[in-house]
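Listed below are the residues making up each chain.
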Amino acid sequence: MTTIAYTAIDRLRDVLRDLGEPTRMDRGDSFRTRGRCHDGDSPDTVSVRRGDGKVDIHCHKCDGDDQYLTAIGWTVADVFDEPRERGQGPSTSLSRPRPRPSPQKASRVRTKAKRPLRGETASYPYCDENGTLLFEVVRIEVPGKTKDFLQISADGYYGTSGIRRVLYRLPDVVKAAQAGGLVTVVEGEKDAETLVAIGVTATTMPGGSGMGWTDEYTESLKGATEVIVVADRDEKGREHAEKVADSLERHGLAYRVLESDRAKDITDHFAAGGTLDDLVPVDAPPERADEQAEIPTTQLPLEFWNSRESLTSIRRLAHSKLLPADTTLGAIMARVSGAIPHSFTAESPMGRASLNLPVAMIGGPSAGKSQSARAAREAFPTPDRLMDRDSLPIGSGEGLTEIFMGTVEEPTGEIHQKGPHKGDPVMVAIRRQIHHNAFVYVDEGKSIGDIEERNGSTLGETIRRAAMGEALGQTNATQERKRYVAPMSYAMGVLVGLQPSIATTLLKDSGTGTPQRFLWMWARDVTIPDEVVEHTGTITIPGLDASYDDGIPVAFRVPDEVAAEMRRKRLHAVRSGGIDDDELNGHEPVMKMKFAALLAIIDGRFHMALDDWRLAGTLWTTSCAVRDDLVGLAQREAAAARRAAEDAEIQLATRKGDALDAASMKREARLRKVLDHLAAAGGRMSRTDLVQRFHSRYRGELPEVIERGVAKGVLQTFEEDGDWWVHVVA
């Protein structure tokens, strides 16, 4: 029996390729393609699979294969692996594969893209050195499906067959390289735009790592002082970066290959709080994250943790559970602020301050935010005063107030005159505050933004008032709906887990003062050791003991040196009208008072020492660094959004122009084809030969196309040897 390597399904693939028909869901022995027989625009109307000695073809629109075979120039004889002579019996041998159909004998049918495409979320234009659009890469994201990318030619058709492949943002890349600048190569258009938004000249290649890097791309980078190749942090990404580096090496270009120290790609790297300085060499051994590691300003320094045993113990507790120390401390401080007697306050020349503290933990999905909250919950027993109001979910502003409310019976001043209760006071059910402690935990802070967007929401205002210990609720309601919690009569801690992109939304509320009242902590710890850390998992905080009477005030007064400085700053603010104050730092004194008092409580003391204030200053500085990092992220996101909006406007205007001048676009495409043929022929051809290179349906347009090229100064025509010759203008 003859073994056939080149089967009917292989021949069909070649025919479809030559006809410009894309295939989808190709699994080797089956695929889908377009219904060419009825000019369908669905890319998978026709199903194809390898059968027994032949290829089975079925068009679901035509309910058969006859019309489809006719459309591609086949007959039933062609569907067999051993082709049969048309009208004859089967052949008994196959000395060589049947010749592939000539592309010149079949008209090339292309599918027009109907924009915007379903699921289209972004479009990335690829242009030549002069800024002329060659094609676009369109990002498709349909809920429930894997993201996809489609390539659409400049004249709006699917596919880029025969179109020059260039680097993304080529004009900017060439300009930077020729000026001796630095160019960064990343894997994907989204990553390139992330870097462009912060002023970096960045590029990528069409199709990503799967399409392969070519030396033509490297030629575009010549002249650059250095090329930075940023690899995706996986095996495929590093292999692609190595191929890019090999090409750069062959062409003598200086380069470095880097990757994120915390995320898969550069976009996620910035979202996780990283900077360009945090990128590390791909071939560098993983740095041991010990106490010698360089600690970013967004993380509490070792001096803070080593300053006292209570803080050292919390850090060991976090590391024993493989958690970031900063967010574990933040979670413990938030729980303590909701668990202490409500009579604990901080005092300064400006008056009393509540110790209520909202804490925001920032990090990606697996950074350890929820585990930090759990470690804090397990670190010390829940006091009776906090029972049933521990780790409550967020709700509306009214819901936060309701936490402290209850129904009690109170005498009206009257006496029952008869009945079984004769002589007893008449009682009436009254709703009033009966609780004084609460701890609210929000595992996913997006819910805060969602609730705040509702019309009439009071959540943001309630969080701001609760953080300062101010009165909560409303009194202008019916008796059943009346809620009132007196100022300084409650202790509340709020802990929120936020991903960076959601945190930037909360920062937009700075005009009302919400973010200024939060302690901001990154869920990141570069000092966590490789070695196993032992810890009991619990800590002792005397201030939470039930023996402390909630009704006895305990004031944590700021040290005298601090009080004098606070008084001086306060006088200046009053005299200047506060116009010199930074909007985001206006709550610095009161926040440091809270921090210092809570650190003292965690340390087992009921007075504020100068060292507590110093450590509170470190906490404040770190919190501000995290907050400023997020502000920078928000600015980059806003810049990217503005750029995307501008690009969308340009693309919309371009599409409108295309619709108004479709004929002009077609002529421009024909002109590019003319230039391609002339280039292949050495720069000149007779008009007779040139016309023969085009399908008959387009030949009538060529005189006008050539005139267009002459008018644009890219073509010249001469009469020679009885024929007109067309030359490319050098």
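Structural data are supplied above this passage.
Residues numbered from 1 in each chain as written. Predicted model: local features only at pLDDT ≥ 70, side-chain atom pairs only at ≥ 80, totals over all residues. Heavy atoms only, no water.

Moving on: the nonpolar core. Val336 and Leu619 are the most contacted members of the largest nonpolar core, which has 62 residues in total. Per-element tally for this core: the top contributor is helix H17 (residues 588-602), with eleven residues. By size, the runner-up hydrophobic cluster in this structure holds 40 residues, among which are Leu170, Ala176, Ala192 and Leu258. (Core = buried A, V, L, I, M, F, W, Y, C linked by side-chain atoms within 4.5 Å. Buried < 20%, exposed > 50% of the residue type's maximum accessible area, 1.4 Å probe, protein only. Helix = DSSP H or I, 4+ residues; strand = E, 2+ residues; numbered from the N terminus.)

Further remarks concern the pattern of salt bridges. Going through the model one piece at a time under the given rule, you end up with 35 salt bridges. Between Asp261 and Arg524 there is a salt bridge, with the nearest N and O atoms lying 3.8 Å from each other. You can see Asp261 sitting in the loop between strand S11 (255-259) and helix H7 (266-271) and its partner Arg524 sitting in the loop between strand S22 (519-522) and strand S23 (554-557), a full 263 residues away along the chain. A salt bridge links Glu402 to Arg431; its shortest N-O distance comes to 2.8 Å. Here Glu402 is found in helix H12 (residues 397-402), whereas its partner Arg431 is found in strand S17 (residues 425-433), with 29 residues between them in sequence. Judged by relative accessible area, which is 28%, Glu402 ranks as partly exposed. Look at the salt bridges and you will find they share partners, linking Arg308, Asp603, Arg605, Asp611, Asp612 and Arg614 into a network. (Salt bridge = Lys/Arg side-chain N within 4 Å of Asp/Glu carboxyl O.)

Bringing the sheet that holds strand S6 (residues 133-140) into the picture now. Where strands meet in a sheet, backbone hydrogen bonds hold them as pairs that are either parallel or antiparallel. The strand order across the open sheet built from three strands is S5-S6-S7, with neighbouring strands paired in antiparallel fashion. What marks the edges here is a single partner per strand, and that holds for strand S5 (120-127) and strand S7 (148-153). Strand-to-strand twist in this sheet, taken as the mean axis angle between neighbours without regard to direction, amounts to 25 degrees. Note that S6 and S7 share six bridges and pair antiparallel. Considered in S7, the bridge of Phe135 is made with Ser153. Sitting on the sheet, helix H4 (residues 189-196) is in contact with S5 and S6, with an inclination near 80 degrees to S5. (Pairing = 2+ DSSP bridges. Axes fitted to C-alpha atoms, helices over the stretch in contact; angles between N-to-C directions. Contact = heavy atoms within 4.5 Å.)

Glancing now at unusual backbone geometry. Following Arg115, the chain continues to Pro116 via a peptide bond in cis, the omega torsion being -5 degrees. Mapping Pro116 onto the fold places it in the loop between helix H2 (66-71) and S5. Positive phi values are uncommon outside glycine, yet Arg169 reaches one of about 60 degrees. If you trace the backbone, Arg169 turns up in the loop between S7 and helix H3 (170-178). Positioned with a positive phi, Leu322 is a non-glycine residue whose angle comes to about 60 degrees. Summarising the element assignment, Leu322 is placed in the loop between helix H9 (309-320) and helix H10 (325-339).

Looking now at the side chain of Thr218. Locating Thr218 in the fold gives a position in helix H5 (residues 215-219). Judged by its relative accessible area of 0%, Thr218 falls in the buried class. In terms of polar contacts, Thr218 uses its side chain to reach the side chain of Trp213, at 2.8 Å. When residues no more than four places from it in sequence are discounted, the contact partners of Thr218 are Trp213, Ser247, Leu248, His251 and Leu253. (Polar contact = N/O pair within 3.5 Å; in protein donor to acceptor, adjacent residues only side chain to side chain.)

To continue, consider the packing of aromatic side chains. Summed over all chains, the structure comprises nine aromatic pairs. Ring centres of Tyr126 and Phe135 lie 4.9 Å apart, and the angle between their planes is 10 degrees; on these two criteria the pair is classed as stacked. Given a relative accessible area of 0%, Tyr126 falls into the buried group. By relative accessible area, Phe135 is classed as buried at 0%. For the pair Phe344 and Phe606, a centre-to-centre distance of 5.9 Å together with 85 degrees between the ring planes defines the contact as edge-to-face. Linking Phe344 in strand S13 (residues 344-348) with Phe606 in the loop between H17 and helix H18 (610-660), this pair joins segments that are 262 residues apart in sequence. Site record: aromatic cluster; members linked through ring pairs are Tyr124, Tyr126, Phe135 and Tyr168. (Phe/Tyr/Trp six-rings, centres within 6.5 Å; stacked < 30°, edge-to-face > 60°.)

Topologically, Val359 is positioned in strand S15 (residues 357-362). Looking at Val359, the relative accessible area reads 0%, which means it is buried. Sequence separation of Val359 and Phe518 is 159 residues, and the distance between their C-alpha atoms is 5.2 Å. When near neighbours in sequence (up to four residues on either side) are disregarded, Val359 contacts Gly330, Ala334, Val494, Leu495, Val496, Phe518 and Leu519.

For the structure on display, the rule yields four cavities of 30 Å³ or more. Quantified by volume, the largest cavity comes out at close to 60 Å³. Across the lining of the largest cavity, the residue classes tally to seven nonpolar, five polar and no charged. (1 Å grid on protein atoms, 1.4 Å probe; cavity = no way out; pocket = protein on both sides within 12 Å on 5 of 7 lines; lining within 4 Å. Points joined across faces, edges and corners; volume = space filled by probe spheres on them. Nonpolar A, V, L, I, M, F, W, Y, C, P; charged D, E, K, R; others polar.)

Under the 1.5 Å per step criterion, the end-to-end length of H17 is 21 Å for 15 residues, consistent within 8% with the ideal 21 Å. Judged by how many residues are buried, H17 sits mostly within the fold: 13 of 15 residues are covered. Phi turns positive one or two residues past the end of H17, at Gly604, with a value near 85 degrees. (Expected span 1.5 Å × (residues − 1).)

What follows deals with the side chain of Arg169. By relative accessible area, which is 15% here, Arg169 ends up buried. In terms of polar contacts, Arg169 uses its side chain to reach the side chain of Glu193, at 3.2 Å. For Arg169, the contacting residues outside a window of four places in its chain are Glu193, Val196, Ala202 and Arg643.

Strand order in the open sheet formed by four strands is S18-S21-S15-S22, with parallel pairing between adjacent strands. Of all strands in the sheet, those bounded by a partner on one side alone are strand S18 (437-442) and S22. Looking at each pair of strands side by side, their axes are set apart by 15 degrees on average, direction ignored. Sheet topology places S18 next to strand S21 (residues 491-498); six bridges connect them, and they run parallel. Following the sheet pairing, Ala438 is matched in S21 by Met492. Where H10 meets the sheet, it contacts S15, S18, S21 and S22, and its direction lies at approximately 155 degrees from that of S21.

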